[in-house]
Amino acid sequence: MSSDILVQGDVPPPASGGQPLLTVKDLSVEFGLRGQKRVRAVDQVSFDIRPGEHVGLVGESGSGKSVTSLAIMGLLPKRGSHVSGEITYAGRDLLTLPRSDMSKLRGNDIAMVFQDPMTSLNPVVRIGVQLSEVVSRHNQVSKSEARDRAGDLLRKVGIPDPVRRLKEYPHQLSGGMRQRVLIAIALACEPRLLIADEPTTALDVTIQAQVLEVLKELVADTQAALLMITHDLGVVAGLCDRVNVMYSGRIVESTTRDVLFAEPRHPYTGGLLRSIPRLDTPRGEPLVAIPGSPTNTLPWTQGCGFAPRCPNAQDDCRTVPPALVEQGPRLLRCHHPLDPAAASAPAELAEAFRKPRPEETS
Ligand code: ADP
Ligand code: MG
C-alpha cells in the first residue's frame, strides 16, 4: 500500500458541516481490454461533498475529470473499464448498487449537465416536450400543468418568450440557450447533487458568464450540492467553496477556494491561475500558458507527473513520487511547492474575475 492511501482521508475542514452527501475514496479507473496494456486515467482520487456544498474539480484536458464523474454516475463502459475504490452517496455504495437503482438515482437524486448541449438534447423533439417529460416524471401533474411548469423553468433560466421557445426544436436555439435548457432539465427534478462537466466550455465568453450566473442562482434556489468540473480556475472562483486540482489522474492540491486563490502552493495550480483570462488585465497583454502539454507527464510511479513541465522541479521530483499530505489548510502533493510569500497570489482574483473592464462600465 502506498503512503498516499494513508493520508488521503485527511481532507481539510469543509466549508459547511454535516455528513458528506457524496464520498469518493481512493477511486482508480483503468482502461484496457483483456490482453491490452491498461491505462490508468484516474489514480486514487478522494474527495467529498457535503449537502449544498459546491466543490470544484479542476485540471487541463485529459486529467481524468470526466472519467471521475462518469464513475460516480455509473456511466463508464462496462467492457474495458476497471474501477476500484469507494463511491458512497447518502450512505449507499454506488459501485455495487444494482443497475436499476442506479438509473433511478440518476435524474432523481443526481443530475448531470454535459459540455455539449446538442448531444444531450433530442434533436427531433420539441423543447417543451423534453422539459415537460422530466417535470411529469417527477411530479404527479396533468399535461397542461407540466407544460406550464416547463414554461416557468425556461423563464427561470432567463430564456425570453418561453411560450414560443417551448414549441421549437433544439437546433432553433443558440448554444447558450440550449445549455440553459439543459440546466433547466437537470434542475427540474430538484436533485440533491448536480454534476456539471465543463457546462460552459463550448460557449463564447460573454454567454459563459451569463450561463454560469443562471447555474449559480438555480443551484442556490434548489440548495443542491454541486460538483463543478472545469479546466478553468476562473469558473470555480465565483462558484465553489472547495477546489480539488487534478493533474494526470491524481489530485495534486485540495483546499478551500479562498486558500487556493490567496496562496496557491502547487506549481501546477500556480500555472492554472496565471492562465486565467482576467478582465482587469490590460488589452494586448498575453496570457501566461503553462509550458508543454498536459500529455507530457511522468508516470506517477517514477516521480511527480507534473515534473516535466514544472518550473520548480528538482532531481527528487523525477525519482520519488510525492504523496498527498496535509500542509496547513490544504492537501498538497509536491516536493518543492511555491513559496507562500513569493507565490504571486492574486488574492483579489475571485473578485477581479467578475469585474468588468473600466471601459465597459462607462
Ligand atoms: P478530462 O475530462 O479531464 O479532460 P478524461 O477524464 O476525459 O479527461 O480522460 C482522462 C484520460 O482517460 C485521458 O487520457 C483519456 O484519453 C482516457 N480515457 C477516457 N475515456 C476512455 C476510454 N473509454 N477508453 C480509454 N481511455 C479513455
Ligand atoms: Mg472532460
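A. Local environment of the site of ligand 1. Neighbouring ligand 1 are the residues F31, A41, E60, S61, G62, S63, G64, K65, S66 and V67. Between G62 and ligand 1, the recorded distance is 2.6 Å, taken from a backbone N or O atom to an oxygen atom. For the shell around ligand 1, the element with the most residues is helix α2 (residues 65–73), which contributes three residues.

B. Representation of helix α6 (residues 143–156). Spanning 14 residues, α6 covers 20 Å between terminal C-alpha atoms, matching the ideal 20 Å at 1.5 Å per step. Burial in α6 covers these residues: A146, A150, G151, L153 and L154. Considered in projection along α6, the buried side chains sweep an arc of 160 degrees and stay on one side of the axis. Lining the buried residues of α6 we find α5 (127–138), α7 (162–166) and α8 (175–188).

C. Fine view of the environment of D197. Take D197: it is sitting in strand β7 (residues 193–197). Between the alpha carbons of D197 and L57 there is a distance of 9.2 Å; along the sequence they are 140 residues apart. Apart from residues no more than four positions distant in its own chain, D197 is found in contact with S66, S69, M112, V113, F114, Q115 and I229. Among the polar contacts listed, one links the side chain of D197 to the side chain of S66, at a separation of 2.7 Å.

D. Spatial organisation of the pattern of salt bridges. Scanning the model with the defined rule gives 18 salt bridges in all. With a shortest N-O distance of 2.9 Å, D48 and R242 are connected by a salt bridge. Here D48, found in strand β2 (residues 39–49), pairs with R242, found in strand β9 (residues 242–247); they are 194 residues apart in sequence, far enough to count as distant. Take D48 and R242: they sit in the same class, and that class is buried. Across the pair R330 and E253 runs a salt bridge whose closest N-O atoms are separated by 2.6 Å. Note that R330 is positioned in strand β12 (residues 330–332) and E253 in strand β10 (residues 250–256), a separation of 77 residues in sequence. With a relative accessible area of 2%, R330 lands in the buried category. By relative accessible area, E253 is classed as buried at 0%.

E. Geometry of unusual backbone geometry. Here D161, not a glycine, exhibits a phi torsion of approximately 55 degrees, which is positive. Mapped onto the elements, D161 comes out in the loop between α6 and α7.

F. Spotlight on the packing of α5 against α6. The interhelical angle for the contact between α5 and α6, taken along N-to-C directions, is 110 degrees, at an axis separation of 8 Å. It follows that α5 is roughly perpendicular to α6 by the angle criterion. Residues I127, G128, L131, S132, V135 and S136 of α5 pack against A146, R147, R149, A150, L153 and L154 of α6. Classifying every residue of the contact of α5 with α6 gives seven nonpolar, three polar and two charged.

G. Local environment of the packing of α5 against α8. Relative to each other, α5 and α8 sit at 15 degrees, their axes nearing to 9 Å. As the angle between them shows, α5 and α8 are arranged roughly parallel. The chirality of how α5 crosses α8 is right-handed. The segment α5 lies against α8, with I127, Q130, L131, V134 and V135 engaging V181, A184, I185 and A188. Per-class residue counts for the contact of α5 with α8 are eight nonpolar, one polar and no charged.

H. View of the side chain of E168. Structurally, E168 is set in the loop between α7 and α8. At 3.2 Å, the side chain of E168 forms a polar contact with the side chain of R164. When residues no more than four places from it in sequence are discounted, the contact partners of E168 are R126, I127 and L173.

I. Highlighting the confidence of the model for the protein. Put simply, the protein has an average pLDDT of 85, and 86% of its residues get 70 or more. Here residues 1–16 scores under 50 on pLDDT; set against residues more than four positions off or in separate chains, the count is 41 contacts. Scored below 50 in pLDDT, residues 352–362 makes 18 contacts in the model with residues more than four places away or belonging to other chains.

How each quantity is defined
- Here the residue index of a chain counts from 1 through its sequence in written order.
- The order in which chains are written sets their letters, starting at A; the order in which ligands are written sets their numbers, starting at 1.
- The predicted origin of the model limits local features to residues at a pLDDT of at least 70 and limits the giving and counting of side-chain atom pairs to 80 or more, whereas totals for whole chains, interfaces and linings rest on all residues.
- Excluded from the side-chain calculation are hydrogens and water; included are all heavy atoms of the structure.
- A molecule or strand has a residue near it when one of that residue's heavy atoms lies within 4 Å.
- Distance and chemistry together define a polar contact, namely a pair of N or O atoms within 3.5 Å, with one atom able to donate a hydrogen and the other to accept it when in protein, and with adjacent residues in sequence counting only for side-chain atoms on both sides.
- A run of H or I in DSSP becomes a helix once it reaches four residues, and a run of E becomes a strand once it reaches two; helices and strands are each numbered from the N terminus.
- Every helix has an expected span of 1.5 Å times one less than the residues it contains.
- For each residue, the accessible area found with a 1.4 Å probe, counting protein chains only, is set against the maximum for its type, and the residue is called buried under 20%, exposed over 50%, and partly exposed in between.
- What the arc describes is the spread of directions from the helix axis to the C-beta atoms.
- By the convention used here, residues are in contact when the closest approach between their heavy atoms is within 4.5 Å.
- A pairing counts as a salt bridge when a side-chain nitrogen of Lys or Arg comes within 4 Å of a carboxyl oxygen of Asp or Glu.
- Throughout, an axis means a line fitted to C-alpha atoms (over the contacting stretch in the case of helices), and angles, computed between N-to-C directions, take values from 0 to 180 degrees.
- Each angle gets one of four labels, with under 35 degrees taken as roughly parallel, over 145 as roughly antiparallel, 65 to 115 as roughly perpendicular, and the rest as oblique.
- Nonpolar residues are Ala, Val, Leu, Ile, Met, Phe, Trp, Tyr, Cys and Pro. Charged residues are Asp, Glu, Lys and Arg, and all others, Gly as well, are polar.
- Definitions for this section: a left-handed crossing has its near helix turned counterclockwise from the far helix by less than a right angle. A right-handed crossing has that turn clockwise.
- A score between 0 and 100, pLDDT records how confident the predictor is in each residue.

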